[in-house]
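# Overview (structure and organization)
In case you want the letters, here they are:
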Amino acid sequence: MIYLLKDKLTKEKVLDLMIDDLEKYHYVESDFRDNVYKREDLYSTAIGGGIAIPHPIKYAATQSKVSFARLNEPIKWDDKNMIKYVFLISVNKKDYPNIQELFTFLVDLQQNQQFRNLIDKCKTINETKDVLRTIIQSVGYEK
């Protein structure tokens, strides 16, 4: 699920919008939202480079998904970080052994100026999908 958000939203509104769709399509369990907010209460999921990777504190997904939101303007995520790119991660238990590679890829995006240059120019969801696919393939992460 990809979101190109033009309105100035709060962290909570961005998360709720993304979680609403995961719930709508039954990709997550009923406690997913609570578990995402519990994780954020424990520590911020901002990782630098304008990127946040919110995820639940425990398994709460029926189907693994990574939702992506690009914001027109950065929003305050925590006391130290302004965020423009949100990767909401929902992973079910069977896919958990493979999650570290995904986290490594997302952390590496902090330093990837090509990612920011290309993703900021996208005007449609399909363009955004293509850019994300290209970035993933360029670093050799194709799972």
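A brief look at the structure comes next. Counting starts from 1 at the beginning of each chain's written sequence and moves along it residue by residue. In keeping with the predicted nature of the model, local features appear solely for residues at pLDDT of at least 70, side-chain atom pairs appear and are counted solely at 80 or more, and the whole-chain, interface and lining totals rest on all residues. Hydrogens are left out, water is left out, and the side-chain values use all remaining heavy atoms of the structure.

Right, let's get into the sheet that holds strand E4 (residues 65-76). In this analysis, strands are considered paired if DSSP registers two or more bridges between them. Elements are defined by DSSP. Helices are runs of H or I of four residues or more, strands are runs of E of two residues or more, and each kind is numbered from the N terminus. The 5 strands are arranged E1-E4-E5-E3-E2 in an open sheet whose pairing can be described as mixed. Strands with a single pairing partner mark the edges of an open sheet, and in this sheet they are strand E1 (2-5) and strand E2 (46-48). Judged from the 4 bridges that link them, E1 and E4 form a sheet pairing that is parallel. Note that in E4 the partner of Tyr-3 across the bridge is Ala-69. Contacts from helix H1 (residues 11-24) reach E1, E4 and strand E5 (82-90), with the element oriented near 160° to E4. Across the sheet, helix H4 (residues 113-121) touches strand E3 (51-52), E4 and E5, and the angle it forms with E5 is around 90°. The contact rule is simple, with two residues in contact once any of their heavy atoms fall within 4.5 Å. Think of each axis as a best-fit line through the C-alpha atoms, taken over the contacting stretch in the case of a helix, with angles from 0 to 180 degrees between the N-to-C directions.

Let us look at the pattern of salt bridges. Every case where a carboxyl oxygen of Asp or Glu lies within 4 Å of a side-chain nitrogen of Lys or Arg is listed as a salt bridge. Applying the stated criterion to the full structure yields 8 salt bridges. Taking the shortest distance from any N to any O, the salt bridge between Lys-58 and Asp-31 comes out at 3.4 Å. With Lys-58 in the loop between E3 and E4 and Asp-31 in the loop between H1 and helix H2 (32-42), this pair connects stretches of sequence that are 27 residues apart. Each residue gets one of three labels from its accessible area relative to the maximum for its type: buried under 20%, exposed over 50%, partly exposed in between, using a 1.4 Å probe on protein chains only. Its relative accessible area of 23% is what places Asp-31 among the partly exposed residues. Taken together, the shared-partner salt bridges in this structure form one network comprising Asp-16, Asp-20, Glu-23 and Arg-33.

Everything listed here is a matter of coordinates, which is why it stays silent on function.
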